[in-house]
Amino acid sequence: MLIDMDYFFVACEELRRPEIKDKPTIVGFDPKQGEGRGVVMTCNYLARKFGIRSGMPISTAYRIKPDAVYLPIDYDYYEKMSREAMGVAKRYADRFEQVSIDEAYIELSRKSIDYDSAVEYAKKIKESINKETGLPCTIGVSSNKLLAKMACEAGKPDGIKLVKEEEAKEFLKGKDLDDLYGIGRKTKEKLEAMGYKTVGDLAKANTMELMEKFGSYGVEMQKSANGIDESKVEENYEVKSIGREKTFERDTTERTVALAAIRELSNEVIKEVQKAELSFKVVTVKMRYADFTEHLKSRSIRRSDQYDDLASTATDLYSKYASRVKRIRKIGVRVSDLGKEKGQKKINSFV
Ligand code: DCP
Ligand code: CA
Ligand code: CA
């Protein structure tokens with residue numbers, strides 16, 4: 001599935017300014033009575049009826065519709081709303097890849113087995129987002145990312161659009177070349193000069209000729225025109241590190257107390273690492289003393305997701321670097337340089 005929020009920046013504004021809901025509204029640079037520079041970031045569908053579009057000079061929009069509502073850009077707010085909406089969508093995904101502020105791919109690998117249940121699932125996601133954030137969105141459902149994206153475009157606004165794999169060619173064939181994801185204006189012009197007018201023409205084009213003109217990109221384009229896309233939903237790693245800290249009830253110089261804390265913290269950190277199916281390469285121990293000075297010590301190790309690797313490295317860092325005289329108030333264990341690849345299994349290191 002590809003989920004894309006409808007007229008996103010303006011939809012966010014509508015939430016906090018209900019009075020603009022039935023007015024043509026534009027978020028962008030200040031039009032300054034038609035003298036303003038800069039562009040329209042986006043506008044609602046009412047404004048689109050007049051021909052106003054994202055990326056258009058704000059002065060052009062003003063010429064078309066001077067009495068529209070013009071609002072300045074508030075990225076912080078849109079980012080906050082994006083986090084909320086994406087947070088909801090993510091809950092439903094087996095794999096989740098956010099590709100822009102208002103757009104994400106959702107892979108359902110186990111949760112749904114046929115198109116009908118996928119569509120039911122899409123309805124649930126759409127309803128949850130709307131209920132929890134108040135924002136409208138459109139979801140495209142298909143067998144790969146390219147088709148899901150194209151389906152979403154076709155389903156806009158406020159829709160759910162299914163394109164089955166077997167319907168792909170029919171669905172794509174009448175579309176303009178630059179509606180195909182990955183084809184811009186320049187490529188479209190070149191293709192037109194070669195006599196190809198639609199996505200259907202490109203699908204049936206002479207592959208050798210495409211290769212001569214565009215190299216491997218030509219082959220990729222033709223695959224796309226046939227609805228073929230093998231790219232994977234790539235999970236985003238927003239988490240840069242995972243850590244836990246413990247403050248002692250009483251400041252301590254006791255080595256055994258500190259080491260017990262390190263084992264406990266390592267255990268908690270590993271649980272989270274494994275739950276997220278991640279691995280780490282860097283271990284950091286933080287020691288804060290009663291006089292509020294702080295020591296941070298890090299070490300790189302072989303990539304791992306195992307408790308023993310974390311606890312022994314953390315213990316070692318503590319033993320080497322902790323002050324023998326100052327009382328410790330707080331201790332922390334953190335892993336970073338996270339990745340998806342599994343750590344080498346112990347057994348392999350002997351092979
Ligand atoms: N945006 C931008 N610059 C552009 C296009 C868009 O900053 N040239 C911003 C404003 C949009 C947001 O990104 O609200 C998402 O872009 P989309 O292309 O998804 O467009 P919308 O969400 O506005 O409308 P739609 O309902 O067509 O998805
Ligand atoms: Ca959008
Ligand atoms: Ca988008």
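Residues numbered from 1 in each chain as written. Chains lettered and ligands numbered in written order. Predicted model: local features only at pLDDT ≥ 70, side-chain atom pairs only at ≥ 80, totals over all residues. Heavy atoms only, no water.

> Honestly, the packing of helix H4 (residues 75-91) against helix H5 (residues 115-133) in this entry has me stumped. Any pointers?
When two helices pack together, their arrangement is given by the angle between the helix axes and the distance between those axes. The N-to-C vectors of H4 and H5 enclose an angle of 145 degrees; their axes lie 9 Å apart at closest approach. The hand of the H4/H5 crossing is right-handed. Residue-level inspection shows Met-81, Glu-84, Ala-85, Val-88, Ala-89 and Arg-91 of H4 in contact with H5, the latter providing Ile-125, Ser-128, Ile-129, Glu-132 and Thr-133. A class-by-class count of the residues in the contact of H4 with H5 yields six nonpolar, two polar and three charged. (Axes fitted to C-alpha atoms, helices over the stretch in contact; angles between N-to-C directions. Helix = DSSP H or I, 4+ residues; strand = E, 2+ residues; numbered from the N terminus. Left-handed = near helix turned anticlockwise from the far one by under 90°. Contact = heavy atoms within 4.5 Å. Nonpolar A, V, L, I, M, F, W, Y, C, P; charged D, E, K, R; others polar.)

> What should I look at first to understand the environment of Glu-220 in this one?
As for its placement among the helices and strands, Glu-220 is situated in helix H11 (residues 216-225). A relative accessible area of 44% places Glu-220 in the partly exposed class. Taking the C-alpha atoms as reference points, Glu-220 and Gly-182, separated by 38 residues in sequence, lie 9.4 Å from one another. (Buried < 20%, exposed > 50% of the residue type's maximum accessible area, 1.4 Å probe, protein only.)

> Honestly, the pattern of salt bridges in this entry has me stumped. Any pointers?
Opposite charge on two side chains makes pairing possible when the charged atoms of those side chains draw close. Under the definition given, this model contains 31 salt bridges. Glu-120 is the salt-bridge partner of Lys-123, the closest N and O atoms lying 3.3 Å from each other. Here Lys-123 pairs with Glu-120, and both are found in helix H5, just three residues apart, close to one helical turn. Taking the relative accessible area as the measure of exposure, Glu-120 reaches 45% and is therefore partly exposed. (Salt bridge = Lys/Arg side-chain N within 4 Å of Asp/Glu carboxyl O.)

> Explain the sheet that holds strand E11 (residues 294-304) here, please?
Adjacent strands of a sheet form backbone hydrogen bonds with each other and so pair up, either parallel or antiparallel. Strand order in the open sheet formed by four strands is E9-E12-E10-E11, and the pairing between neighbours is antiparallel. Every other strand in the sheet has two partners, leaving strand E9 (241-252) and E11 as the edge strands with one partner each. Going across the sheet, the axis of each strand differs from the next one's by a mean of 15 degrees, ignoring polarity. Where strand E10 (residues 280-289) and strand E12 (residues 328-336) come together, eight bridges link them in antiparallel fashion. Across the sheet, Thr-284 pairs through a bridge with Arg-334, a residue of E12. (Pairing = 2+ DSSP bridges.)

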